[in-house]
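Next come the chains, spelled out residue by residue.
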Amino acid sequence: MKARGFTPYNPESPNLQTGDEGDFKSKDKEKPCSLGQGSTGFTLIEVLVAVAILGIGLTIIIELFSGGLRLGRASEEYTKAVNYARLKMEEMAIKPAVAEGVEEGSFDDTFRWQVEVKKVNLLPVENKPDFKPPAQFFQVQIDVIWKSGAKERSTRIESYVDCGMCKPEYIE
């Protein structure tokens, strides 16, 4: 085998000799290697370990991805529920009369609501028959309930409504 072009000569290398034109030749002739000695490649154990590590890594990645999708769906459901509750709270705020009690209904096939209204006494318990407070306050709790998979989930918002402008005949 002749070397083409310039190849630097290393005088300290015992395996190389120079010829007339500066070509380098190896003292040892190339011997074919047997499969057991110095062969390059991977053993079966190395391949199995690599495949096992790859399988574990892919399983973890797939679990993370499916968990992210599950959380995204739950977040979407909670966002819808809160928006429905705000819508119902706005309906309660513009009602001409608010009375104590519980009402129920549904927004669609998935989401249903429950409104609980309680009168709040801001003044001391002394009952004076001739005193009428200038305003009446009601606590309004709105629960939105829905089924998510096998679980039933719910969210609640709460507010206080001033019924100072309500007509006396509607106030209980």
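As the structure is a computational prediction, the values presented were derived from the model and not from experiment.

Asks: I would appreciate a short explanation of the packing of aromatic side chains in the present structure.
Replies: Any two aromatic rings considered together are summarised by their centre-to-centre distance and by the angle between their planes. Evaluation of the coordinates by the stated rule reveals five aromatic pairs. A centroid spacing of 4.4 Å and a plane angle of 5° characterise the contact between Tyr 84 and Phe 107, whose relative ring orientation is stacked. Residue Tyr 84 is located in helix 1 (residues 44-94), and its partner Phe 107 is located in the loop between strand 3 (101-106) and strand 4 (111-120); the two are separated by 23 residues in the primary sequence. Relative accessible area serves as the criterion here: at 23%, Phe 107 is assigned to the partly exposed category. Arranged with centres 5.5 Å apart and planes meeting at 35°, the rings of Phe 111 and Trp 146 form a pair that is tilted.

Asks: Please explain the pairing of strand 5 (residues 137-148) as it appears in this structure.
Replies: Where a strand is regular, its side chains alternate between the two sheet faces. Where burial is concerned, most of strand 5 is hidden: 10 out of the 12 residues are buried. In this structure, strand 4 lies alongside strand 5, joined through 10 bridges in antiparallel fashion. Looking across to strand 5, one finds that Val 117 is bridged to Val 140. Across 12 bridges, strand 5 lies against strand 6 (residues 151-162) in antiparallel orientation. By the bridge assignment for strand 6, Val 140 is matched with Ser 159. Hairpin connection, strand 5 to strand 6: the antiparallel pair is bridged by two residues, and Gly 149 has positive phi, about 70°.

Reading guide: rules and limits
- Residues numbered from 1 in each chain as written.
- Predicted model: local features only at pLDDT ≥ 70, side-chain atom pairs only at ≥ 80, totals over all residues.
- Heavy atoms only, no water.
- Phe/Tyr/Trp six-rings, centres within 6.5 Å; stacked < 30°, edge-to-face > 60°.
- Helix = DSSP H or I, 4+ residues; strand = E, 2+ residues; numbered from the N terminus.
- Buried < 20%, exposed > 50% of the residue type's maximum accessible area, 1.4 Å probe, protein only.
- Pairing = 2+ DSSP bridges.

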